[in-house]
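The chain contents come next:
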Amino acid sequence: MDSTLRLIVSNPVDRLARTIEALLVVAAAPLSVADLADAAEDDPERIETALGLLRERYAEGRSGIVLEHVAGGYAFRAARESADACARIFERPVERGLSQAALETLAIVAYVGPCSRPEIARIRGVAADSAVASLIERGLIVEAGREHGPGGAVRYRTTPLFERVFGLESLAALPRLDDLGEADDLRRRLLDVASAKAS
Amino acid sequence: MDSTLRLIVSNPVDRLARTIEALLVVAAAPLSVADLADAAEDDPERIETALGLLRERYAEGRSGIVLEHVAGGYAFRAARESADACARIFERPVERGLSQAALETLAIVAYVGPCSRPEIARIRGVAADSAVASLIERGLIVEAGREHGPGGAVRYRTTPLFERVFGLESLAALPRLDDLGEADDLRRRLLDVASAKAS
Amino acid sequence: MSTSQVRELELDLDAFEGPFDLLLTLLLEEALEPREIDVAGIVLAFLERLSEPDELDLESCGEFLVLISALLELKARALFPEEAAELDALEPEEAAEELARRLAEYRRMKEAAAWLLERLGTEGNRWFRLGPAPLAPPAERRLAAQDPAALASAVRGLAAPAPNVSLSHMALRFPPVSQFLERFRRLLSRRTRFDFDSEVEGLSRVEQAVAFLALLELRKAGEIALSQAAPFAPIRVSTVENERISAWTARSA
């Protein structure tokens, strides 16, 4: 270990890696390569190199601190092997007790993109007010402008915390809906019926 | 480093050290030896031994993450050599704009005059708690007495910082809304529109 | 699946077990309360049937949609008896398309919700801190210079009346039942009996369904008698005094 540390001291990339460690250990949320480059006043390529080094050092099974690529950035978290110890003294305020209604609402906001309460209610067939309120309170969704510009219904989008809780690198990492089941086939068949009736 | 890792795997104290690393990276407040012992289900003496190991590993000059013993217990902090980088990430002048929620709330307080949370929520049609909290935190609004005297809802008004950020000499320099009327008229009008939308 | 297969669709509900057409007959005879019928259960049974590898039959799907919407309306009326149904003119094609689209979209979202729940299970052992570290430097938020015009436009937005959003897609629309009530009463003031099937011939399926509901209403009020020679034979409608309820042959399975 000592020989590695001497190497770190003498090598500028390792100095940069230390700066990144420092930034990540105090940050409130995942930091993107651009955030890190701005803060460290270094260029993004060198940041990537240093991150590569850190991902090896802070890997599952090697360290209690794990570096992960999540929510469009990098963040430290606890190793999975320590989950039980964490569960003994910490709370899970965000994901505990999410109702079916809240999960469906969250799925709609995540997949449909910014969308309003009436839109959510239309898809679910029931009012979404309390589900929306609980998701806002948990920090999983936030307001994102209004439909049809000013005066329209408030729209909501998912937050980086949503991606973090669900372990997604970005929203693009959500599975395609037609991979989730036969829903698409059913949809096509129902639409066939509908269009045949319409013609 | 490899020889150290092999040692960690084979040595239970190092396994305990990994658990402590994990706990400290998740903690939002310093953890005492007793907290750590509870979480790791291990005895305080062994916790102390593992902490000794970690203090060496996470020492100033050796790592960007530094283990600090403070009044409440142990916590990770950023290394001093990274103070400038951390300062840059924490005081971000990069905030270019306000969220729709914050902007609307701020506009109501600026144009209508001292105004309470329930009133803002009625006008906007959605809860205003987080928008108000974020504007207070940014120093753009402050408390300004209570509605109907003591016991009423807290009212808020804009601050001199608000005027500076928006480049206004005073509130009188806000763009005129002649067609919508002044403070009290405007307040009534906004509430009317909001209740029409809600019905 | 043929049209008759829709009628023979085997149901296993809390309140009823047997083929779909028996259920309809029992409802018609008022031997069953509409409110006791689990409509979603029927839809599920149909969807299961639909997923069987038979050739898809558009006619039977259409038949099913009409029957199920009539049943839903019946149930809604039973649940909210005093709610006047002020419904606009009917666009059945639009309604069917919208219903299909919404059913499909909702099902996709349910799948997505199930995936999210599963993901919570597998990612639940990833613990991370919410917010900055305990010994992090205090955050100082600074805001760039802002344009006051943004404030004015925000207030204008709030002062603008809501745009008129078309809600026509929000509900499947039916002609009012009262329209058929009046029509049948007029008819029976001139004639003592008529044949329901020939009376509603040429109307759309949903209109036929609503006409059928009107028939049920009149029967419930004791204004008319209904008879039918065999299941799905033409329904004969007559004024009570002129007809003995003769051969009401409910199909017993």
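> Just give me the short version of the overall build of chain A, but keep the residues and values in it.
Scanning chain A from terminus to terminus reveals ten helices and five strands. Residue burial in chain A is summarised as follows: out of 199 residues, 53% are buried. Considering only contacts within chain A whose residues lie at least 6 apart along the sequence, 49% involve residues at least 24 apart. Of the roughly 8500 Å² of accessible surface on chain A, a fraction of 50% belongs to carbon and sulfur atoms.

> Could you give me a rundown of the interface of chain B and chain C, with the residues and numbers involved?
How big an interface is tends to be stated in terms of the accessible area lost upon association of its parts. With 45 residues of chain B in contact, the opposing surface of chain C contributes 33 residues. Here chain B and chain C share an interface that buries about 3400 Å² over both sides, 68% of which is from carbon and sulfur atoms. Inspection of the chain B/chain C interface yields zero salt bridges. Where chain B packs against chain C, one counts two residue pairs in polar contact (both at pLDDT 80 or more). Elements with a contribution of two residues or more to the side of chain B that touches chain C: α2 (12-26), β1 (65-70), β2 (73-78), α5 (83-90), α6 (100-112), α7 (117-124), α9 (160-165) and α10 (183-198) of chain B. A total of six residues in the side of chain B that touches chain C trace back to one element, the largest contributor, which is α6(B).

> Describe the sheet that holds strand β3 (residues 115-116) of chain A, naming the residues involved and giving the relevant values.
Across a sheet, paired strands are connected by hydrogen bonds in the backbone, their directions being either parallel or antiparallel. All names here are of chain A. Strand order in the open sheet formed by three strands is β3-β5-β4, and the pairing between neighbours is antiparallel. At either margin of the open sheet sits one strand with a lone partner, and together these are β3 and β4 (141-146). Judged from the four bridges that link them, β4 and strand β5 (residues 154-158) form a sheet pairing that is antiparallel. Across the sheet, I141 pairs through a bridge with T158, a residue of β5.

> Can you lay out empty space enclosed by the protein for me, pointing to particular residues and giving the numbers?
Residue and element names in this part refer to chain A. Counted under the stated rule, the structure contains three cavities of 30 Å³ or more. Listed by contribution, the elements that provide at least two residues to the lining of the second largest cavity are α2 (12-26) and β2 (73-78). For the lining of the second largest cavity, the leading source of residues is β2, giving three residues. Tallied by class, residues from the lining of the second largest cavity come to ten nonpolar, one polar and two charged.

> Give me the sheet that holds strand β3 (residues 115-116) of chain B: which residues, what numbers.
Residue and element names in this part refer to chain B. Pairing within the open sheet is antiparallel, and its three strands lie in the order β3-β5-β4. Two strands lie at the open edges of the sheet, namely β3 and β4 (141-146), each paired on one side alone. Pairing of β3 with strand β5 (residues 154-158) involves two bridges; the strand directions are antiparallel. Looking at the pairing, S116 lines up with R155 of β5.

> If you had to explain the nonpolar core to someone new, which residues and values would you point to?
I20(A), I47(A), F76(A), I20(B), I47(B) and F76(B) are the most contacted members of the largest nonpolar core, which has 63 residues in total. Those residues within four positions of F76(B) in sequence are excluded, and the remaining contacts are V25(A), I65(A), E21(B), L24(B), V25(B), Y58(B), I65(B), V66(B), L67(B), A133(C) and L135(C). Listed in part, the 45 residues of the second largest apolar core include I42(C), L74(C), F184(C) and L226(C).

> Hey, could you go over the environment of R146(B) for me, with residue numbers and the actual values?
Residues and elements named next belong to chain B. Its place among the elements puts R146 in strand β4. A residue is classified by how much of its surface remains accessible, and R146, at 43% relative accessible area, is partly exposed. C-alpha of R146 to C-alpha of S116: the two residues are 30 residues apart in sequence and 8.0 Å apart in space. Within the structure, R146 has its side chain in polar contact with the backbone oxygen of G152 (distance 2.9 Å).

> Residues and numbers for the packing of α6(B) against helix α6 (residues 149-159) of chain C, please.
Taken N-terminus to C-terminus, the directions of α6(B) and α6(C) make an angle of 95 degrees; their axes are 8 Å apart at the nearest point. Here α6(B) lies roughly perpendicular to α6(C), going by the angle between them. The residues of α6(C) that touch α6(B), namely those facing L103(B), E104(B), L106(B), A107(B), I108(B) and Y111(B), are A150(C), L151(C), A152(C), A154(C), V155(C) and L158(C).

> Give me α6(C): which residues, what numbers.
Looking at α6(C), one finds that the buried residues are L151(C), A152(C), A154(C), V155(C), G157(C), L158(C) and A159(C). As for α6(C), its buried residues are in contact with β4 of chain A together with α6, α7, α9 and α10 of chain B.

> Any details on the side chain of T159(A)? Residues and values, ideally.
Residue and element names in this part refer to chain A. Note that T159 resides in the loop between β5 and α9 (160-165). With a relative accessible area of 7%, T159 lands in the buried category. Ignoring sequence-local partners within four residues, the contact set of T159 consists of G139, L140, I141 and V142.

> Tell me about unusual backbone geometry, and please be specific about residues and values.
Residues and elements named next belong to chain A. Even without glycine at this site, E41 takes up a positive phi of about 50 degrees. Among the structural elements, E41 can be located in the loop between α3 (33-40) and α4 (44-57). Assessed through its relative accessible area of 59%, E41 is described here as exposed. The phi torsion at A71 lies on the positive side, around 50 degrees, for a residue other than glycine. Within the fold, A71 resides in the loop between β1 (65-70) and β2.

What counts and what doesn't
- Each residue is numbered by its place in its chain's sequence as written, counting from 1.
- Here the convention is simple: chains get letters from A, ligands get numbers from 1, in the order in which they are written.
- A pLDDT threshold of at least 70 governs which residues receive local features in this predicted model, and a stricter bar of 80 or more applies before side-chain atom pairs are shown or counted, although totals over entire chains, interfaces and linings include all residues.
- Excluding hydrogens and water, the side-chain figures rest on all heavy atoms present in the structure.
- Only DSSP runs of H or I with at least four residues qualify as helices, and only runs of E with at least two residues qualify as strands; both kinds are numbered from the N terminus onward.
- Between buried and exposed lies partly exposed: a residue is buried under 20% and exposed over 50% of the maximum accessible area for its type, with that area taken using a 1.4 Å probe on protein chains only.
- By the convention used here, residues are in contact when the closest approach between their heavy atoms is within 4.5 Å.
- Note on areas: these come from Shrake-Rupley sampling with a 1.4 Å probe, and a residue is covered only by the protein chains present in the view.
- In this description, buried area is defined as the sum, over both parts, of the accessible area (probe of 1.4 Å) that is lost when the two are combined.
- Counted as salt bridges are all cases of a side-chain nitrogen of Lys or Arg within 4 Å of a carboxyl oxygen of Asp or Glu.
- The definition of a polar contact used here is a pair of N or O atoms within 3.5 Å, where within protein one atom must be able to donate a hydrogen and the other to accept one, and adjacent residues in sequence count solely through side-chain atom pairs.
- Each pair of strands is called paired provided DSSP finds at least two bridges between the two strands.
- Points on a 1 Å grid over protein atoms alone make up a cavity when a 1.4 Å probe fits among them but cannot get out, and a pocket when they form an open set with protein on both sides within 12 Å along at least five of seven lines; lining residues each have an atom within 4 Å of a point.
- Grid points are joined across faces, edges and corners, and a volume is the space filled by probe spheres set on the points.
- Under this grouping Gly is polar, as are all residues other than the nonpolar Ala, Val, Leu, Ile, Met, Phe, Trp, Tyr, Cys and Pro and the charged Asp, Glu, Lys and Arg.
- Here, nonpolar core means buried Ala, Val, Leu, Ile, Met, Phe, Trp, Tyr and Cys residues that are tied together by side-chain atoms lying within 4.5 Å of each other.
- In this analysis an axis means a line fitted to C-alpha atoms, helices contributing only their contacting stretch, and an angle means the value between N-to-C directions, from 0 to 180 degrees.
- The labels follow the angle: roughly parallel below 35 degrees, roughly antiparallel above 145, roughly perpendicular from 65 to 115, and oblique for the rest.

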